[in-house]
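# Survey of secondary and tertiary structure
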There are 2 protein chains.
Amino acid sequence: MEHDVTLGVDIGGTNTKLGFVDRSGKCLASAALPTNAHEPARKLVARLHAAAEETYRPLRGSHTLRGIGVGAPNANYYRGTVENPPNLKWKGVVNLASLIRTYYDVPVAVTNDANAAALGEMLYGAAKGMKDFIVITLGTGLGSGIVAGGNLVYGADGFAGELGHTTVDPRGRECGCGRRGCLETYASATGICRTVHELLGERRDASVLGAIAPSVLTSRMITDAALKGDPIAREAFEITGRILGMKLADAVAHTSPEAIILLGGLANAGSLIFRPTKKYLEKNLLNIFRNKVKLLPSGLKDENTAVLGASALIWNELMKTGTPPRR
Amino acid sequence: MEHDVTLGVDIGGTNTKLGFVDRSGKCLASAALPTNAHEPARKLVARLHAAAEETYRPLRGSHTLRGIGVGAPNANYYRGTVENPPNLKWKGVVNLASLIRTYYDVPVAVTNDANAAALGEMLYGAAKGMKDFIVITLGTGLGSGIVAGGNLVYGADGFAGELGHTTVDPRGRECGCGRRGCLETYASATGICRTVHELLGERRDASVLGAIAPSVLTSRMITDAALKGDPIAREAFEITGRILGMKLADAVAHTSPEAIILLGGLANAGSLIFRPTKKYLEKNLLNIFRNKVKLLPSGLKDENTAVLGASALIWNELMKTGTPPRR
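Notes on the structure in this doc start here.

### Concerning the pattern of salt bridges
Pairing between side chains of opposite charge can happen when the charged atoms of each approach one another. Scanning the entire structure with this criterion turns up 32 salt bridges over all chains. One salt bridge connects Glu198(A) with Arg173(A), and the closest N-O pair in it is separated by 3.4 Å. Of this pair, Glu198(A) sits in helix α4 (residues 189-202) while Arg173(A) sits in the loop between β11 (151-152) and α4, and the two are 25 residues apart along the sequence. Since its relative accessible area comes to 9%, Arg173(A) is described here as buried. Note that Arg180(A) and Glu174(A) form a salt bridge whose closest N and O atoms lie 3.4 Å from each other. Of the residues examined, Glu174(A) reaches a relative accessible area of 53% and is grouped as exposed. Each of Lys247(A), Asp250(A), Lys247(B) and Asp250(B) takes part in one network of salt bridges that share partners.

Below, the structure written as structure tokens:
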């Protein structure tokens, strides 16, 4: 398998990333394209194929593609489908694995992006050697992947690990899923923007964020403002960490992980988000769990964390059984 | 193993039950004693031993004791300990397995009572053939046991499955664990009593429960009143189901179970608790989980559900490996 590669694909609400990854977790070639969330899935897959062919060109001849792993919102590992993804306009059930196999004659496995990230951290990253941990991705939404006893928890129907849609407040913010008060409406890149809007309405503090239209505000802008001491931006991180920490304490009560790993755009804010999250996690933990659970950043140096995770979906099977999953 | 038995012990906040169970899940002889929660553990173990010896008498000679499984609050499967149990006055870390082995030269395994119940349902009851399910015990507290991919989730430290201490409301009711608003302060036999007290303060409805002192009120009395149409009692069940259903929707988002099994005193209220719990579970579920998750009563006909579960802790190992766990 020395010159084998797998293709990892991460479909996010905004961007889709792809990369060809070797068994050591090294991304040999990568690319990104806009997801165009309003487009049907087959258009994205066609553009994805074109981008992947282009990216694969320098590896062709010297490397063998062994399989394609895809992380996508609401993706179902058992069925190869994506079902009513909250941040994409795909309608109903899309058989993403079948769509991709119209272009490639290799095994294709799909799972939600955070499950893929969890496998990536277990194979190559911060969770190496751990048997119980949770990965939280703080991107457009909040995704999660739970590993218990060394195995990714898929659940009865392949949809386990949807912590972004646990309820913070049943009368809270409207969520893309049609309900109210879901964790991801608070703790995500878009969630912290909503918190800033609310704070700008509530408080009288001067803030550079007051000059930015809500429709163009990003979590990166909030991070930059917080680093400069902006009081609204700092308070937004405090609130985000308070809510995330409280719900992570609930998650610990479910599966008692050794570590929780925070990934994604908002996690890149570093101690701005880790410090309050850790504080409120500890504050809300049942005594038997206190001062035990590590809160860690990604252990993957490569920027393409989610792509590595998606590729790990295939590598995990190849390493366990010698054969990739065929579904 | 035809005449082998295991001893199952269930230590609750109020009563401790024991039973000798064969491999088919039949309880051949059983007994109960008060837990006396204020006593140190060694006194309970001494009384337990005396009661077990008495109960075993008719089986002696014809049966062989293969091991002892114990379900107890905050029990740790990995270490054989009980650590700061919220409903007992045992201080610090008690090595319950060692205490029991001073009386018996057989393997002893401990886990929390709800984990034990989950194994009982998997081996003999409502979860036969299931790989992903959750057991909720509604007793003095609320316990839970999570099975994912066919394995009981113990977590990094053996304490997984503490859904009773997930947070409903951070400014809510005081909990025995020292925090506020834990699920078990609402959804348990004691929780529904507290709900009745609150309702008697809030509402002007006539209720037979108004004649009962809070210190003697039981969930059974509330059940009886609700069956006779008492408005406060019925509303208490509605509220209990609303809160339990909401938090079970969170639990589904974690591990996506095929079924949730409700056990314990309050579950014996039948549709009084199942109907509102199911209603609010469905109402709070993310769309991809709706109308999929079964809400079931115990599948064990024997009254000693928790004892069967504790015995299953040993039988589960004997059936898998031929040898019971030795810790």
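After that view, the rundown keeps rolling.
### Quick notes on the packing of helix α5 (residues 219-227) of chain B against helix α6 (residues 231-255) of chain B
Residues and elements named next belong to chain B. Running from N to C, α5 and α6 point in directions that differ by 115°, and their axes come no closer than 7 Å. Relative to α6, the element α5 lies roughly perpendicular. In terms of crossing hand, the pair formed by α5 and α6 is left-handed. Contacts between α5 and α6 involve Ile-222, Thr-223, Ala-225 and Ala-226 on the former and, on the latter, Ala-233, Arg-234 and Phe-237. Classifying every residue of the contact of α5 with α6 gives five nonpolar, one polar and one charged.

### Considering helix α6 (residues 231-255) of chain A
Residue and element names in this part refer to chain A. A rise of 1.5 Å per residue sets the reference length of α6, with its 25 residues, at 36 Å; its end C-alpha atoms lie 36 Å apart and thus fit the reference within 8%. Counting buried residues along α6, 21 of its 25 residues qualify, which places the element largely inside the surrounding structure. Where α6 begins, the side chain of Asp-230 points an oxygen toward the backbone nitrogen of Ile-232, at a separation of 3.2 Å.

### A closer look at the environment of Val216(B)
Residues and elements named next belong to chain B. Topologically, Val-216 is positioned in the loop between α4 (189-202) and α5. Relative accessible area serves as the criterion here: at 47%, Val-216 is assigned to the partly exposed category. C-alpha of Val-216 to C-alpha of Cys-193: the two residues are 23 residues apart in sequence and 9.7 Å apart in space.

### A look at helix α7 (residues 271-284) of chain A
All names here are of chain A. The end-to-end C-alpha distance of α7, which contains 14 residues, comes to 19 Å, matching closely the 20 Å that a straight helix rising 1.5 Å per residue would cover. What α7 keeps buried is the set Leu-272, Ile-273, Phe-274, Pro-276, Thr-277, Tyr-280, Leu-281, Glu-282 and Asn-284. Considering only its buried residues, α7 is in contact with β9 (133-138), α5 (219-227), α6, β12 (259-263) and β13 (294-297).

### Considerations on the relation of the copies chain B and chain A
By a simple turn and slide, chain B fits onto chain A: the slide is 0.0 Å along the axis, the RMSD is 0.0 Å, and the turn is 180°. Both chain copies can therefore be described as sitting about a two-fold axis.

### Notes on the nonpolar core
If you look at the biggest cluster of nonpolar residues, it comprises 108 residues, and the most contacted ones within it are Ile260(A) and Ile260(B). When near neighbours in sequence (up to four residues on either side) are disregarded, Ile260(A) contacts Ile134(A), Ile136(A), Leu248(A), Val252(A), Leu281(A), Val293(A), Lys294(A), Leu295(A) and Leu296(A). Within the second largest apolar cluster, 33 residues are counted, among which are Tyr56(A), Ala75(A), Ala97(A) and Tyr104(A).

Criteria and cut-off values
- Residues numbered from 1 in each chain as written.
- Chains lettered and ligands numbered in written order.
- Predicted model: local features only at pLDDT ≥ 70, side-chain atom pairs only at ≥ 80, totals over all residues.
- Heavy atoms only, no water.
- Salt bridge = Lys/Arg side-chain N within 4 Å of Asp/Glu carboxyl O.
- Helix = DSSP H or I, 4+ residues; strand = E, 2+ residues; numbered from the N terminus.
- Buried < 20%, exposed > 50% of the residue type's maximum accessible area, 1.4 Å probe, protein only.
- Axes fitted to C-alpha atoms, helices over the stretch in contact; angles between N-to-C directions.
- Parallel < 35°, antiparallel > 145°, perpendicular 65-115°, else oblique.
- Left-handed = near helix turned anticlockwise from the far one by under 90°.
- Contact = heavy atoms within 4.5 Å.
- Nonpolar A, V, L, I, M, F, W, Y, C, P; charged D, E, K, R; others polar.
- Expected span 1.5 Å × (residues − 1).
- Polar contact = N/O pair within 3.5 Å; in protein donor to acceptor, adjacent residues only side chain to side chain.
- Least-squares fit on C-alpha atoms with pLDDT ≥ 70 in both.
- Core = buried A, V, L, I, M, F, W, Y, C linked by side-chain atoms within 4.5 Å.

These values are about where atoms sit, not about what they do.
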